[in-house]
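Listed below are the residues making up each chain.
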Amino acid sequence: MCGIFGVFSAKDSGYPLKLLRQLTTNLFILSESRGKDAAGIAAVTAQGLLIFKEPVCDSVLVKKIKYKELMNRVFGGLTANPIVILGQARLATNGQQEILQEALQ
């Protein structure tokens, strides 16, 4: 299984940036239960597409400086531009190998 989440905020939605930032991090950590082998986040902002991913679990990724820098770039402004964020927690599987082994027996 994998965990996927998203956050969208329209321009001048009225939601405080601090709340949206905390919501993003909380969703990220909660999605860890769906996979602990790799984590990644992508944000579409006025600055373009920002991506950060590593082969670590979500709770480790959110503590990294690069994650904090990405969050500062997304939520560092005084007003919210449209914000689109997608995150994922990946669980490595080897389902294809198991199916192949069963077929060969």
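Here, the structure is the one placed above.
Residues numbered from 1 in each chain as written. Predicted model: local features only at pLDDT ≥ 70, side-chain atom pairs only at ≥ 80, totals over all residues. Heavy atoms only, no water.

## So, the nonpolar core
A general feature of soluble globular proteins is that nonpolar side chains tend to end up buried together. To be explicit about the condition: Throughout, nonpolar core names a set of buried Ala, Val, Leu, Ile, Met, Phe, Trp, Tyr and Cys residues whose side chains join them through atoms within 4.5 Å. For every residue, the accessible area (1.4 Å probe, protein chains only) is compared with the maximum for its type, and the residue is labelled buried under 20%, exposed over 50%, or partly exposed between those bounds. Put simply, DSSP H or I for four residues or longer makes a helix, DSSP E for two residues or longer makes a strand, and each gets a number counted from the N terminus. Contacts are assigned to residue pairs with any non-hydrogen atoms lying within 4.5 Å of each other.
Counting residues in hydrophobic clusters, the biggest one holds 19 residues, and the most contacted among them are Phe28, Ile41, Tyr67, Val74, Phe75 and Ile85. Mapped onto this core, the elements with two or more residues apiece are strand S1 (3–9), helix H1 (17–31), strand S2 (38–45), strand S3 (48–54), helix H3 (65–75) and strand S4 (83–90). Top element by residues in this core is H3. It accounts for 5 residues. Here Ile85 is in contact with Phe5, Gly6, Val7, Thr24, Ile41, Ala42, Ala43, Val74 and Phe75, once residues within four sequence places are set aside.

## Remarks on the packing of H1 against H3
Our working rule: Under this scheme, a helix contributes an axis fitted over its contacting stretch, all axes are lines through C-alpha atoms, and angles between N-to-C directions fall in the 0 to 180 degree range. We call a crossing left-handed when the near helix sits turned anticlockwise from the far one by less than a right angle, and right-handed when that turn is clockwise. Side-chain classes follow a simple rule in which Ala, Val, Leu, Ile, Met, Phe, Trp, Tyr, Cys and Pro form the nonpolar group, Asp, Glu, Lys and Arg form the charged group, and the remainder, Gly included, forms the polar group.
It is the contact of H1 with H3, at a shortest axis distance of 10 Å, that shows an interaxial angle of 145 degrees. Both H1 and H3 take part in a crossing whose hand is right-handed. Along its contact with H1, which presents Leu17, Leu20, Arg21, Thr24, Thr25 and Phe28, the element H3 presents Tyr67, Lys68, Met71, Asn72 and Phe75. Classifying every residue of the contact of H1 with H3 gives 6 nonpolar, 3 polar and 2 charged.

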